[in-house]
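So the chains spell out like this:
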Amino acid sequence: MRRLLDARTGGLLALALIIALLPLILPNKFYYDVAIKTALNALVCVGLNLLIGYAGQISLGHAGFFALGGYASAVLTARYQWNGFAAMAVGMAGVGLLAFIVARPILRLRGHYLAMATLGLGIIIAIVLNREIPITGGPDGMTVPALRLGEWRLIGTTTWYWISGGVLLIAVWLALNLIDSGVGRALRALHGSEVAAETVGIDTTRYKVLIFVISAVFASLAGSLFAHAERFITPTEAGFMRSIEFVTMVVLGGMASTYGAVVGAAILTVLPQLLTKLHDYEHLAFGAVLILVMIFMPKGLVPTLQNRLRHLVGGQPR
Amino acid sequence: MAEFLQFAFSGLTVGAIYALVALGFALIYNASHVINFAQGEFVTIGGMATVALMTGGGLPLLLAIPAAVMITALVGLALEKFAVEPAIGRPGGASVVTIIIITIGASIFIRGVVQVTLGKDFHRLPAFSGEAPIDILGARLQPQSLWVLGVTLLVVAALWWFFGRTRFGKAMLATSHNRLAAQLVGIDTRLVLLASFGLSAALGGLAGILTAPITLTKYDIGIMLGLKGFAAAILGGLGSGPGAIVGGIALGLAEALAAGYISSAYKDAVAFIIILVVLFVRPSGLLGGRSTERV
Amino acid sequence: MNKRNFLRTAAALVALGALGIAGAQAQQGPIKIGSFLAVTGPASFLGDPEAKTLRLYVDMVNKAGGVNGRQLQAVIYDSAGDARQAVTFARRLIEEDKVDIIVGGSTTGETMAVVPVVEEAQIPFISLAGANVIVEPVKKWVFKMPHSDRMAVEKIYEDMKKNGKTKAAVLGGSGGFDQSCRKEAKDLASRYGITVIADETYAPTDTDMTVQLTKIKNTPGVEGIVGCGFGAPTAITARNYRQLGMQNIQFYFNHGVGSQQFIDGAGGGAEGMRVPVAALLVANQLAGNDPQKKVAEDYTRAYRAANNNEAVSTFGGHMYDGFMIAIEAMKRAGGTDKAKVRDEIEKTKGFVGADGIYNMSATDHMGLTLDSFKMVEVRNNTWKLLY
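So, a few notes on the structure that sits alongside this text. (Residues numbered from 1 in each chain as written. Chains lettered and ligands numbered in written order. Predicted model: local features only at pLDDT ≥ 70, side-chain atom pairs only at ≥ 80, totals over all residues. Heavy atoms only, no water.)

### Some remarks on the pairing of strand 8 (residues 224-228) of chain C
Residue and element names in this part refer to chain C.
Right, on to step 1. Within strand 8, 5 of the 5 residues are buried, leaving the element largely enclosed by the surrounding structure.
Right, on to step 2. Covered by surrounding structure in strand 8 are Gly224, Val226 and Cys228 together with Ile225 and Gly227, the residues of both alternating faces.
Right, on to step 3. Alignment of strand 8 against strand 9 (residues 250-253), held across 4 bridges, turns out to be parallel. Counterpart to Gly224 in the pairing with strand 9 is Gln250.
Right, on to step 4. Traced from strand 8 through helix 8 (residues 232-243) to strand 9, the parallel crossover comes out right-handed. (Buried < 20%, exposed > 50% of the residue type's maximum accessible area, 1.4 Å probe, protein only. Helix = DSSP H or I, 4+ residues; strand = E, 2+ residues; numbered from the N terminus. Pairing = 2+ DSSP bridges. Right-handed = clockwise from strand over helix to strand, strands pointing away.)

### Observations regarding the interface of chain A and chain B
Right, on to step 1. Taken together, the contact pairs 45 residues of chain A with 46 residues of chain B.
Right, on to step 2. Interface area, chain A with chain B, both sides summed: about 4000 Å², of which 79% is carbon and sulfur.
Right, on to step 3. When residues of chain A are sorted by the area they lose upon contact with chain B, His112, Tyr113 and Met116 of chain A head the list and together hold 19% of the total.
Right, on to step 4. Inspection of the region where chain A meets chain B yields 0 salt bridges.
Right, on to step 5. Mapped by element, the contributors of at least two residues to the side of chain A that touches chain B are helix 5 (84-107), helix 6 (111-131), helix 10 (194-199), helix 12 (240-253) and helix 14 (282-296) of chain A.
Right, on to step 6. The class makeup of the residues in the side of chain A that touches chain B is 33 nonpolar, 6 polar and 6 charged. (Contact = heavy atoms within 4.5 Å. Buried area = accessible area lost by both parts, 1.4 Å probe. Salt bridge = Lys/Arg side-chain N within 4 Å of Asp/Glu carboxyl O. Nonpolar A, V, L, I, M, F, W, Y, C, P; charged D, E, K, R; others polar.)

### Side note on unusual backbone geometry
Right, on to step 1. Omega for the bond connecting Glu136 of chain C with Pro137 of chain C falls within 30 degrees of zero, at 0 degrees, which places this linkage in the cis form.
Right, on to step 2. Its place among the elements puts Pro137 of chain C in the loop between strand 4 (125-127) and strand 5 (142-144).
Right, on to step 3. Positive phi values are uncommon outside glycine, yet Leu137 of chain B reaches one of about 50 degrees.
Right, on to step 4. Along the chain, Leu137 of chain B falls in the loop between strand 1 (134-136) and strand 2 (139-141).

### As for the interface of chain A and chain C
Right, on to step 1. Contacts between the two partners involve 34 residues from chain A and, on the opposite side, 41 residues from chain C.
Right, on to step 2. Roughly 3500 Å² is buried in total at the junction of chain A and chain C, and carbon and sulfur atoms are behind 60% of that figure.
Right, on to step 3. When the area that chain A buries against chain C is broken down by residue, the three leading residues are Phe30, Tyr31 and Lys277 of chain A, summing to 19%.
Right, on to step 4. On the surface where chain A and chain C come into contact, there are 3 salt bridges.
Right, on to step 5. Notably, a salt bridge pairs Arg91 of chain C with Asp33 of chain A, separated by 2.6 Å at the nearest N-O pair.
Right, on to step 6. In this structure, the connection of chain A to chain C is made through 11 residue pairs in polar contact (both at pLDDT 80 or more).
Right, on to step 7. Secondary-structure elements contributing two or more residues to the side of chain A that touches chain C are helix 3 (29-54), helix 11 (204-230), helix 12, helix 13 (258-275) and helix 14 of chain A.
Right, on to step 8. Top contributing element to the side of chain A that touches chain C by residue count: helix 3 of chain A, with 7 residues.
Right, on to step 9. Its residues assigned to classes, the side of chain A that touches chain C comprises 15 nonpolar, 7 polar and 12 charged. (Polar contact = N/O pair within 3.5 Å; in protein donor to acceptor, adjacent residues only side chain to side chain.)

And the structure:
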């Protein structure tokens, strides 16, 4: 019973409950669609949060990994008639390998140099996807076949709601376990001070590379699922603005908070749908929201609210 | 030869624009270790404000230019005052990521404002001294390119004088080397920070005005210019003024020559490929010093 | 903006995160015309006049009493030219707003991404984008308005052939609109006895095309350049073309440059360039007996009056045609039954629009022919109708 009440299990349970009950109030397919996008964005953010929140490294190129996963699924199933799950696995392995190869040289860099390197990587991926028209369909994108499980074609928004919700739940569980493991402790040390961590014998680069690869694989998986759920993919998915979106979701929700990443993803997926009614003022409003949240809640929504809540019940703020 | 010269002219002109944007990045970075992702938007404001002042306000070019530079500088000051300072002025300061998101938010916001107030169309400014191209050894140059290159040189000279010879410039330089020490010797580092945003915005605005006759101007022209300028600043070594200039020109030339002699299809990727290679080999840029982290 | 609608949507969307009640009810209210357009972003020159045109004509039709005794309501979303957002908005139009028809899709990418959604939902969709793939093969619920990029290239090659030019260079951007035109230019060349001997690309954000043009200039034998593109890069190309003194090579642009903005932005560089465009752009030069003259002039007058005298572009014309064909079909169908309206759109015959005269059929969901495309040349900073 005590275990049920600790933040981790309790949080997982709450998330599962929300996913299970949400369909009761979703009025139509459009809302399911937004919910699917929320879950898949959250999947990327849970991985990215490990990198940004725990390893203290920034990536402005994760959309590149997301799109690579999506295109691996799209191209292999559409052009080479692969099984969707095999394509997805190959995408994840390929992206993981790419991340591993570039990780060492990239993660030697710090702060803004790291931002530039990941940004550059993402943009190069986007440019390649745009230019290799015979393979990727170019800027107009390509249609993606349905994912098949035996004879069962996985189509329809309700099916994909349960798939993406389930995968998100597993991902959150994995991330939480990782954070509580030895790797997680090493990471937290790393976030404090890299040099200090190194002097006490932590191989910082190894952990950074590991987390970079894990977060890239999460993104790749989300990209594959996205491609099959939407049945369409374009190079915009790899774009700079998309990478920014992911980072913003993590930071807005709260760095070093897995649930924060989920909340951030939910807000920034739903918010543009609300703002679109403002027509021309949409971008203006979106920019203003980003600035204001960062000024007034620099730790992000979830940690800030958690702290306030603790204050209210009289506990010690962390 | 004429062909090479033509490519080089193109590269130099575009490179000078990157250099001016990169210089803006360097100025702000020096004063605050902030990367201002809204730097490209200063270029937009400079160009678009000049167009608006001329067509809407009926000002002649000669008056519209200083007015637009001033408007851009004011936007820069406002950005520092209302968005950046509240974040880094807080006890404990703000993380790199927080500031990046604030400035990205600012760039989206500024783009939104320009789009709503001045529209989404592209506009052209008249060239300062006519459109008749100049023939140099078989290559043809727009007279406006000379303006861009000339003013870039002037700006570099002026900055050199400012940082080397004036009291305030030296104070800014001191702040960039060691903020705490600068505060201890009585330098108002907040003022330095504010000034760096104003100055850098003015530079961006100027770049936007100079290049508008060549590149045209539009509410979203700043996005790619900002990214390329950032790449140029990193290439030269963050915070290094001469580095920013060298980085900008180098990127411009590399792009033009790659498009000319290899293929124009991947021209846009050239800048980012170069930057990745350089960072892998020399993580602190071409002219950047090595830094150590304090524990 | 409809405030009540906004609040309702807001409430429903908040429900995604917590608890809430969403009200989605269909009522016998206004006829809803849904649209997703590239109002911002790189293709805003398409979506902006399209959105303005839709708003304008919904107003005008409502003032004149509506359609079948019901008022019209436009629901417009800004897709920023992004296919992913287009899909989201198409679902939203169908599921949440419960629109009766969709007229929109500024770009080919958006349109193609949305096709599976509208086919599944069985709702008539009139696209405003260029590429042939949209209606080839024919899709049951999908129609499209403007001339295709293939027709633009055909018109250009006809003109080259007529003037005895056989060696072409292709220059275009890397965006979807440009790529589609470049592909047609290369595919169709042999049919007109033309060989493409140079092919150059630029990025949509490029600010200088002298390198690409220099390479074309130094390719011996080029007699005509086919430019594929739109927006600022085309104006910069025109400027660089003059800077490099290449006027001895005839420059053709596709219909993406069909606006006064292009000529102004080029600062004199566009002089002598030829462009295949819809009649709308040269309405005042059309012969008095040209059936399109009245439509084009009326549209121009209405659009300019409503938008601060802003010059018309051909893109707003696409929306005019799509909107009119949609409401004509609803009138003939006597209601908004989706299947009936679809059938009636397919039966559109002899409809005189801004882009040309439409004759649709079960095998042709565009309905335009090459004759309604006009070849124009830039002379003294304005469009001059050639033929």
